[in-house]
Amino acid sequence: RQSLDRANERKNAPEAVRFGVLLANAYIDSGEFDEAAGVLTQAVEKAENAGDPIFRARIYWSLSRLHAMQGEPGPAARYARKALELLELTEHTAYAARAHQLLAHVELDRGNAAEALDILDRGFPLIQQGGNKVEEALFQLEKARALVRLGRGDDAKRLAAASARVLEDAS
């Protein structure tokens, strides 16, 4: 909050957006959704003319998380898709992979397991390029969730067990 206030006092829009997104995510994590929505509304206004796709994608990512946590899968999917579209324009494969994972998670929440599985299959090569073994395991856990919903429990068990072995030693 203090860093956001200082950035606003200096009229430094990029910093204000950055700290606003961080603060909004903290609010989301603590269940203070109205506070998060207010901060994100201000961030959107400040970033309206931003040319950096990652800058804007972070806002869409947070908006997607906010709506997902509030049980609003439609808007959550819309913002996740916007974030993914922007990240696919960049060379940041890890960010794009995480956007695939976020969108797949939202689609699973919406009951679209086949769509989620397709999104995860498209995104997995990106996480292999730009992520680490823990991120790959988390990606595979999301895929296991989709497989369970598609009635492919044995495949899901194998993926989940392999992911659990990787995650055992993770922090």
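Before reading further, recall that the structure is shown in the block above.
Cut-offs applied
Residues numbered from 1 in each chain as written. Predicted model: local features only at pLDDT ≥ 70, side-chain atom pairs only at ≥ 80, totals over all residues. Heavy atoms only, no water. Patch = residues over 30% accessible without salt bridge, like charges linked within 9 Å, V, L, I, M, F, W, Y side chains within 5 Å. Areas by Shrake-Rupley, 256 points an atom, 1.4 Å probe, with all protein chains shown as cover. Salt bridge = Lys/Arg side-chain N within 4 Å of Asp/Glu carboxyl O. Helix = DSSP H or I, 4+ residues; strand = E, 2+ residues; numbered from the N terminus. Axes fitted to C-alpha atoms, helices over the stretch in contact; angles between N-to-C directions. Parallel < 35°, antiparallel > 145°, perpendicular 65-115°, else oblique. Left-handed = near helix turned anticlockwise from the far one by under 90°. Contact = heavy atoms within 4.5 Å. Phe/Tyr/Trp six-rings, centres within 6.5 Å; stacked < 30°, edge-to-face > 60°. Lys NZ or Arg CZ within 6 Å of the ring centre and 35° of its normal. Expected span 1.5 Å × (residues − 1). Bend = angle between axes of the 7 residues up to and from the residue. Buried < 20%, exposed > 50% of the residue type's maximum accessible area, 1.4 Å probe, protein only. Core = buried A, V, L, I, M, F, W, Y, C linked by side-chain atoms within 4.5 Å. Polar contact = N/O pair within 3.5 Å; in protein donor to acceptor, adjacent residues only side chain to side chain.

A.B. asks: Sorry, what's going on with a nonpolar patch on the surface here?
C.D. replies: The grouping of Val134, Leu138, Leu141 and Val166 at the surface amounts to a nonpolar patch, some 250 Å² of accessible area in total. It is helix 8 (residues 133–149) that contributes the most residues to the nonpolar patch, 3 residues altogether.

A.B. asks: Explanation requested: the packing of helix 5 (residues 73–87) against helix 6 (residues 93–109) in the structure shown.
C.D. replies: Packing of helix 5 against helix 6 brings their axes to within 9 Å, and their N-to-C directions diverge by 160 degrees. If you check the angle between helix 5 and helix 6, you find them roughly antiparallel. Crossing angle aside, the handedness with which helix 5 passes helix 6 is left-handed. Note on element contacts: helix 6 touches helix 5 through Tyr95, Ala96, Ala99, His100, Leu102, Leu103, Val106 and Glu107, opposite Pro73, Ala76, Ala77, Ala80, Arg81, Leu84 and Leu87.

A.B. asks: Looking at this model, I keep getting lost on the packing of aromatic side chains. Mind explaining?
C.D. replies: Aromatic rings in a pair are described by how distant their centres are and how their planes are angled relative to each other. Tallied over the entire structure, the rule returns 2 aromatic pairs. Arranged with centres 6.0 Å apart and planes meeting at 20 degrees, the rings of Tyr60 and Tyr79 form a pair that is stacked. With a gap of 19 residues between them, Tyr60 in helix 4 (residues 53–69) and Tyr79 in helix 5 connect regions that are remote in the sequence. For the cation-ring pair, Arg18 lies above Phe19, with the distance from its terminal atom to the ring centre recorded as 4.5 Å. The ring centre of Tyr79 lies 5.6 Å from the NZ or CZ of Arg78, which sits over that ring.

A.B. asks: How do you make sense of unusual backbone geometry when you look at a structure like this?
C.D. replies: For Lys11, which is not glycine, the phi dihedral falls at a positive 55 degrees. Within the secondary structure layout, Lys11 lies in the loop between helix 1 (2–9) and helix 2 (13–29).

A.B. asks: I tried to follow helix 7 (residues 113–130) on my own but got confused; where do I start?
C.D. replies: Since the α-helix turns once every 3.6 residues, residues separated by three or four places project in the same direction. For helix 7, with 18 residues, the first-to-last C-alpha span of 25 Å sits near the 26 Å given by 1.5 Å per residue. The largest bend in helix 7 comes to about 35 degrees, at Gly123, with the proline Pro125 one to four residues further on. The set of residues buried in helix 7 consists of Ala113, Ala116, Leu117, Ile119, Leu120, Gly123, Phe124 and Ile127. Close packing links the buried residues of helix 7 with helix 6 and helix 8.

A.B. asks: How should the nonpolar core be read in this particular structure?
C.D. replies: Nonpolar side chains in soluble globular proteins generally cluster together in the buried interior. Grouped together as the largest cluster of nonpolar side chains are 30 residues, with contacts concentrated most on Leu87, Leu103 and Phe139. Among the elements of the structure, helix 4, helix 5, helix 6, helix 7, helix 8 and helix 9 (153–167) are those that each provide at least two residues to this core. Here this core gets 8 residues from one element, more than from any other, and that element is helix 6. Not counting chain neighbours up to four residues away, the residues in contact with Leu103 comprise Ala77, Ala80, Arg81, Leu84 and Ile119. Grouped together as the second largest cluster of nonpolar side chains are 20 residues, Leu23, Ile28, Val39 and Ala43 included.

A.B. asks: Please explain the side chain of Asn25 as it appears in this structure.
C.D. replies: Considering the arrangement of structural elements, one finds Asn25 in helix 2. A distance of 3.1 Å separates polar atoms of two side chains, one belonging to Asn25 and the other to Ser62. Aside from chain neighbours lying at most four places away, what touches Asn25 is Ser62 and Arg65.

A.B. asks: Is there a simple way to explain the pattern of salt bridges in this structure?
C.D. replies: Pairing between side chains becomes possible if they bear opposite charge and their charged atoms approach one another. Tallied over the entire structure, the rule returns 13 salt bridges. Note that Arg81 and Glu115 form a salt bridge whose closest N and O atoms lie 3.4 Å from each other. Here Arg81, found in helix 5, pairs with Glu115, found in helix 7; they are 34 residues apart in sequence, far enough to count as distant. For Arg81, a relative accessible area of 31% corresponds to the partly exposed category. Residues Arg122 and Asp118 are paired through a salt bridge, measuring 2.4 Å at the closest nitrogen-oxygen approach. In this pair, Arg122 and Asp118 are both assigned in helix 7, 4 residues apart and thus about one turn of the helix distant. If you follow the salt bridges from partner to partner, you end up with Arg81, Glu107, Arg110 and Glu115 in one network.

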